[in-house]
Amino acid sequence: MVPRMLATPAKFLLRRLGLELRRLQHEDLSVPSIPDGHLYRPHYCPWLGDSEFERYYQIAAPRTLVSRHRCHVLYTMLQQCLDVPGDIWECGVYKGGTAAMMASFLAASGTDKKLLLFDTFGGMPPTDPLHDLHQEGDFADTSISEVKEYVGNAEFCGYHQGFIPETFVGLAAAQIAAAHIDLDIYRSVLHCIEFIWPRLSVGGMVVFDDYGFRTCPGARAAVDEFFKDKSAYPLCLSTGQALVFKSVA
Ligand SMILES: C[S@@+](CC[C@H](N)C(=O)[O-])C[C@H]1O[C@@H](n2cnc3c(N)ncnc32)[C@H](O)[C@@H]1O
């Protein structure tokens, strides 16, 4: 506790250093009169305790780099796209955390959609030093057999192991309802959206996990480059993700 007579000079000095002294808010921000009032912190944050989402998030959590609020965006993406024609794609699977969460959601929904999963399952391909901070071989501590075992739901999950875009060969006729692109690096993200966007159904969407992360400047560069002459705009989320909705063919 700073005595009042010391607070003003201290504030002044801190300001000179570009800092600010403020009293912490201790009030209870929950709103008992509203359903799920405890999730108003101060706005409604369903990712902090919605019980259905929580069940799915607990499947992702042990094997994902994707935070709780970003997983909630993926969960909402799937809910939104269940009636959109096409399958669900994930490019960038690593240990299978978000893939397992999405597979579990699709299994419970009773949809006939497939989940297509693309990764080397053995680490990053060569990166581009002009755009990327990641290095070749990052994320090598995984394996396709472990991922298959964790994700389960083999009857509707398809694995495409190798380098994107080579693993897109043979998929020219694909129809996609939603895609989660979590590749972190420039060339991979660009190749991916060049292939996916023309095959994405109207009403479908793409979530780019790493768009706003300072560790992945190449991911944002690729997204911005691709969409600069399109009639769709990346919606930059406070989670760090970007979401692009396809409203016209
Ligand atoms: C951040 S990790 C994915 C994280 C994952 N979604 C999760 O739940 O934690 C990025 C992955 O992208 C993969 N990747 C990047 N570029 C690739 C490419 N061109 N082809 C295949 N995999 C690639 C890497 O191997 C790595 O596993």
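By convention here, each chain's residues receive numbers from 1 onward along its written sequence. The model is predicted, so local features are restricted to residues of pLDDT at least 70 and side-chain atom pairs to those at 80 or more, both for listing and for counting; the totals for chains, interfaces and linings are taken over all residues.

Enquirer: Where do I start with the sheet that holds strand 4 (residues 176-181) in this structure?
Expert: Backbone hydrogen bonds are what pair the strands of a sheet, in a parallel or an antiparallel way. For two strands to be treated as a pair, DSSP must find at least two bridges joining them. Numbered from the N terminus, helices here are DSSP runs of H or I no shorter than four residues, and strands are runs of E no shorter than two. The 7 strands lie next to each other as 3-2-1-4-5-7-6, forming an open sheet whose pairing is mixed. Every interior strand has two partners, whereas the edge strands, strand 3 (157-161) and strand 6 (235-236), have only one. On the sheet, helix 6 (residues 186-196) packs against strand 1 (87-91), strand 4 and strand 5 (200-208) and is oriented at approximately 175° with respect to strand 4. We call two residues in contact if the C-beta atoms placed from their backbones are at most 7 Å apart. Axis lines are fitted through C-alpha atoms, for helices just across the contact stretch, and the angle between N-to-C directions can take any value from 0 to 180 degrees.

Enquirer: Any chance you could explain the nonpolar core here in plain terms?
Expert: Generally speaking, a soluble globular protein has its nonpolar side chains buried in company with each other. Membership of the largest hydrophobic core comes to 61 residues, with the highest contact counts inside it found for Met101, Met102, Val189 and Val206. Top element by residues in this core is helix 4 (residues 97-109). It accounts for 7 residues. The contact partners of Val206, leaving out residues within four places of it in the chain, are Ala179, Ile181, Ile193, Ile196, Leu200 and Val244. Under the definition applied here, buried Ala, Val, Leu, Ile, Met, Phe, Trp, Tyr and Cys residues are grouped into a nonpolar core through C-beta atoms within 7 Å. Field definition: a residue is buried when 20 or more other C-beta atoms are found within 10 Å of its C-beta, exposed when 12 or fewer are, and partly exposed for counts in between, with C-beta atoms placed from the backbone.

Enquirer: Sorry, what's going on with helix 6 here?
Expert: The periodicity of an α-helix, 3.6 residues per turn, causes residues three or four positions apart to be oriented the same way. Of all the residues in helix 6, the buried ones are Tyr186, Ser188, Val189, Leu190, Cys192, Ile193 and Ile196. Along its buried surface, helix 6 packs onto strand 1, strand 4, strand 5 and helix 7 (217-227).

Enquirer: It is not clear to me how the packing of helix 6 against helix 7 should be interpreted in this structure. Could you clarify?
Expert: For any two helices packed against each other, one specifies the crossing angle of their axes together with the interaxial distance. Look at helix 6 against helix 7: their axes get within 7 Å of each other, and the N-to-C directions meet at 30°. Read as a crossing pair, helix 6 and helix 7 show a hand that is right-handed. When helix 6 is examined against helix 7, the residues Tyr186, Val189, Leu190, Ile193 and Glu194 are found in contact with a partner set consisting of Gly218, Ala219, Ala221, Ala222, Val223, Glu225 and Phe226. Residues that form the contact of helix 6 with helix 7 fall into these classes: 9 nonpolar, 1 polar and 2 charged. Here a crossing is called left-handed whenever its near helix is offset anticlockwise from the far helix by less than a right angle, and right-handed whenever the offset is clockwise. Put simply, Ala, Val, Leu, Ile, Met, Phe, Trp, Tyr, Cys and Pro go in the nonpolar bin, Asp, Glu, Lys and Arg in the charged bin, and everything else, Gly too, in the polar bin.

Enquirer: Just to check I follow, could you spell out the packing of helix 2 (residues 51-60) against helix 4 for this structure?
Expert: For the pair helix 2 and helix 4, the least separation of the axes is 7 Å and the interaxial angle reads 140°. When the axes of helix 2 and helix 4 are compared, the pair comes out oblique. Note that helix 2 runs across helix 4; the crossing there is right-handed. Of helix 4, the residues touching helix 2 (which contributes Tyr56, Tyr57, Ile59 and Ala60) are Gly97, Thr98, Ala100, Met101, Ser104 and Phe105. In the contact of helix 2 with helix 4, the residues fall into 7 nonpolar, 3 polar and no charged. Here the angle decides the label: under 35 degrees means roughly parallel, over 145 means roughly antiparallel, 65 to 115 means roughly perpendicular, and every other value means oblique.

Enquirer: Looking at this structure, I do not really get helix 2. What am I missing?
Expert: Turning to helix 2, its buried residues are Phe53, Tyr56, Tyr57, Ile59 and Ala60. Within helix 2, the buried residues cover an arc of 150° as seen down the axis, which keeps them to one side. Away from the buried face of helix 2 by more than 90 degrees, exposed residues Ser51 and Gln58 are located. Check the buried side of helix 2 and you find it contacts helix 3 (68-81) and helix 4. Directions pointing from the helix axis toward each C-beta atom define the arc.

Enquirer: Would you mind showing me how to read the site of the ligand here?
Expert: Contacts to the ligand come from 22 residues, most closely from Thr64, Gly92, Thr98, Ile164 and Ser188. Within the shell around the ligand, the residues separate by chemical class into 12 nonpolar, 7 polar and 3 charged. The C-beta atom of each residue is placed using the backbone, and any residue whose C-beta lies within 6 Å of a molecule or strand is treated as near it.

Enquirer: How do you make sense of the pairing of strand 7 (residues 242-245) when you look at a structure like this?
Expert: The side chains of a regular strand alternate between both faces of the sheet. Side chains of strand 7 alternate between two faces, with Ala242 and Val244 buried and Leu243 and Phe245 left unburied. Sheet topology places strand 5 next to strand 7; 4 bridges connect them, and they run antiparallel. Counted as the bridge partner of Val206 is Val244 from strand 7. Strand direction decides the pairing type here: strand 6 and strand 7, joined by 2 bridges, are antiparallel.

Nothing here speaks to function; it is all geometry.
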